[in-house]
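The chain contents come next:
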Amino acid sequence: MLDRARLTPRDEGSCWMKARDDATEVTAAGIARLAGVGRAAVSNWRRRHGDFPKPVGGTEASPSFALADVERWLRAQGKLIEVPLRERVWQQLAGHPAGPVTALLHAGCALLLVRDRPPAWLALSAVSDERMAQLLPGELEDVVTPRFGGRRERAVHVPEPAELLPSVPLLRGVAELAAELGARGAYEFLLGRQTDANPRQYTLTPAGPAALMARLATSAAPARTVLDPACGTGALLRAVEPRPDQHLYGQDSAPELAALTALRLALHSDATVRTRAADTLRADAYDDRRADAVLCHPPFNERNWGHDELAYDTRWEYGFPARVESELAWVQHALARLVDGGTAVLLMPPAAASRRSGRRIRADLLRRGALRAVIALPAGAAPPYNLPLHVWVLRRPGPATPPAGALLLVEAAGVPDTDGRDKQLWPAVQDAVLDAWHRFDRHGTVEERPGLARSVPVLDLLDDEVDLAPARRLPPPAAGGGATELATVRKNLGEALRRTADLTPPLPPREAARPAARPPLTTVGELARAGALTLHTGTGAGNGGVPVLTDHDVLTGGAPSGAPHEGGPDDTVVHTEPGDVVVPVFGGGAAARVVDEATAGAALGRGLTLLRPDPAVLDPWFLAGFLRGTANHRRASSYASTSARLDVRRLQLPRLPLAGQRGYSERFRELAAFEDAVRLAARLGERLVRGMHDGLTEGTLPAE
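Because the structure is a prediction, the values reported are computed rather than measured. (Residues numbered from 1 in each chain as written. Predicted model: local features only at pLDDT ≥ 70, side-chain atom pairs only at ≥ 80, totals over all residues. Heavy atoms only, no water.)

**Some thoughts on the pairing of strand β12 (residues 406-411)**
Burial runs high along β12: six of the six residues are buried. What you see with β12 is no split at all: Ala406, Leu408 and Val410 on one side and Leu407, Leu409 and Glu411 on the other are buried throughout. Direction of pairing for strand β10 (residues 371-376) relative to β12: parallel, over a ladder of four bridges. For Ala373, the partnering residue across the bridge sits in β12 and is Leu408. (Buried < 20%, exposed > 50% of the residue type's maximum accessible area, 1.4 Å probe, protein only. Helix = DSSP H or I, 4+ residues; strand = E, 2+ residues; numbered from the N terminus. Pairing = 2+ DSSP bridges.)

Encoded structure:
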């Protein structure tokens, strides 16, 4: 089994349950979530109610309680919110005694059995837990071996009965979840929750960049064999369009990630899956294989990649990488694992295109025609989100392959703003990149598009620096669109400023400004229990045709701009409807947005909570207005050392009949219209200032 010392630690903020051999325990924070209250309320119940369950574990400062006892007590008190199946299964996985990663591996094996041999699972589920733990390893071996190979060559190991016994209740719940979501959907849900709960423990490739890289790698011809030598959780291999005769190979230095990837891919398609756990550069598991395509998101800025041990390795066809050039070692590894004419696509840090220590290797990659394109993505496309990462497209030259005459450079941050908000939408970015690559791959050149794409002759790049950063080689776009566009922006700004002045809300006269007596208050949690509204949590899941409403969109008033993340069955997607109220739960800012017809239909993004009020009881503008109160947010927020989280259920608002909400609703609508006008004026003003600066500095506008 896995080396426990390497398992991902549980996140304190989300894994608020733990399991023992025969019972699941829950902390005070977990009880608060079950009941939809704050932790202070749980402390009050312990003091005031003598029949409150006694601690069965934990510490004096952080005791834990038997979940079954707590549920009985809450139900008797009428305080229990029924826990959905998905949440209950996640709680069991997060509180597994061997850790959530081991639990996820056990769950993946069981789901593979459910998917491939449902009668065998049905027979097993009818016996006792102890008997199931005894019988399950043999059944798992029968389903794991055909998919992943023999014991010595696979990353997925079948657990022994003693290891499986604590997992049996979880596996029963996982199978029940599979009946609801499908085996693939259940695994994607649990894996997504695990990576969301521990974002610092995983280097993830978002769905948008992963899909773009997969399409770049397979644009010339479908790939029958695909390799990812740094597979992580398998996002890149999963993005490849499935084929019945496909072979997917993955390798990762972390044994648990190699196993998770194998299970994820096997549940996603019927391809032959092989993954290995080893350090790729030092101990390549596939040195005897060649792939049609290689996809890779390598670790960045590694100094201990094997520089001292690998000086004479045969993979360094284009030069021995310097110690600080680990990314160029991965580039040459990818090329070495390709068939002649095969394509490799790697996600790279922008420094790799211009560091002086790598210029000789970059020059040789260009001379021999191996490097075909460098594509700069917009900042925020993939972690680390503060950098505009690059995508390198490479092709292994064959013996008769003529040297390439040009290199395609694309600056995707230059994709035209399609919605007037100065924010690139990922579908537009992907379409622009693929269009430029297809034209270049077909004709060896591409029509120059200033600020976006250009094919640069290789001879022009072979200078002392061999700097391949697209921003430094592409001609800039016309500054601000030129004088004609700037005149239009100035005219629109004037209209926006006049509208802003017209919408400025009046203040009440001084004699009427005395505070009125406040009606009694209620909380969102109480309204949810009464059926006045329902609460929904964003997952960011969806399909490529539906944009995702992100927390950034809510905070800035923008249109839905996110791309759905990989995984997630359709029924896990929360779609917005007119009249919904959306609230960000991270960051500490007071914000709430009422969904209108233009925003309706978008998928709800991660970090957002959606409140769907009953229109016969609650006015959405009344609800959203009070949820934005600064003091309200302060009372309902909890703070870690570097972040804040909002407990939406603790937000308060007045208890008023629908008729009494109307006056507040109208004022909040007026404030929202004023806020939108201010935002538009700010955007137009920024565009005008930027365009004037660019025009004057580039010489497209006269100084007098």
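**Considerations on the packing of helix α6 (residues 118-125) against helix α7 (residues 129-148)**
For any two helices packed against each other, the geometry comes down to the angle between their axes and how far apart the axes lie. At their nearest, the axes of α6 and α7 sit 10 Å apart, and the two run at 165 degrees to each other. Our classification of the angle between α6 and α7 gives roughly antiparallel. For the pair α6 and α7, the crossing hand works out as right-handed. Only Met132, Leu135, Leu136 and Glu139 of α7 make contact with α6, whose side of the interface consists of Ala120, Trp121, Leu124 and Ser125. A per-class count over the contact of α6 with α7 returns six nonpolar, one polar and one charged. (Axes fitted to C-alpha atoms, helices over the stretch in contact; angles between N-to-C directions. Parallel < 35°, antiparallel > 145°, perpendicular 65-115°, else oblique. Left-handed = near helix turned anticlockwise from the far one by under 90°. Contact = heavy atoms within 4.5 Å. Nonpolar A, V, L, I, M, F, W, Y, C, P; charged D, E, K, R; others polar.)

**As for the sheet that holds strand β5 (residues 225-228)**
Strand order across the open sheet formed by nine strands is β7-β6-β5-β8-β9-β11-β10-β12-β13, with mixed pairing between neighbours. Since the sheet does not close on itself, it has two edges, and those belong to β7 (272-277) and β13 (453-457), each with one partner. If you compare each strand with its neighbour and ignore which way they point, the axes differ by 15 degrees on average. As paired elements, β5 and strand β8 (residues 291-296) share two bridges and run parallel to each other. Looking at β8, one finds that Leu227 is bridged to Val294. Lying on the sheet, helix α11 (residues 207-217) is in contact with β8, β9 (338-348), β10 and β11 (390-395); it crosses β9 at an angle near 160 degrees.

**Observations regarding the pairing of β8**
Burial analysis of β8 places five of its six residues in the buried class, which makes it a mostly covered element. The pairing of β8 with β9 spans five bridges and is classified as parallel. What sits directly across from Val294, in β9, is Ala344. Note on the crossover from β8 through helix α14 (residues 326-336) to β9: the handedness is right-handed. (Right-handed = clockwise from strand over helix to strand, strands pointing away.)

**Some points on the environment of Arg355**
Along the chain, the position of Arg355 falls in the loop between β9 and α15 (359-367). A sequence separation of 111 residues divides Arg355 from Val466, and the C-alpha atoms of the two residues are 9.0 Å apart. If we ignore the near neighbours within four places in the chain, the residues touching Arg355 are Asn301, Val324, Glu325, Glu327 and Arg362.

**A short note on the nonpolar core**
Counting residues in hydrophobic clusters, the biggest one holds 96 residues, and the most contacted among them are Trp121, Phe148, Leu216, Leu295 and Val391. The biggest single contributor to this core is helix α5 (residues 100-116), with 11 residues. Beyond its immediate sequence surroundings of up to four residues, Val391 is in contact with Met213, Leu216, Val345, Leu346, Leu347, Ala373, Val374, Ile375 and Leu377. Of all hydrophobic cores here, the second largest spans 41 residues; its members include Trp305, Ala344, Ile361 and Ala363. (Core = buried A, V, L, I, M, F, W, Y, C linked by side-chain atoms within 4.5 Å.)

By themselves, these figures tell us nothing about what the structure is for.
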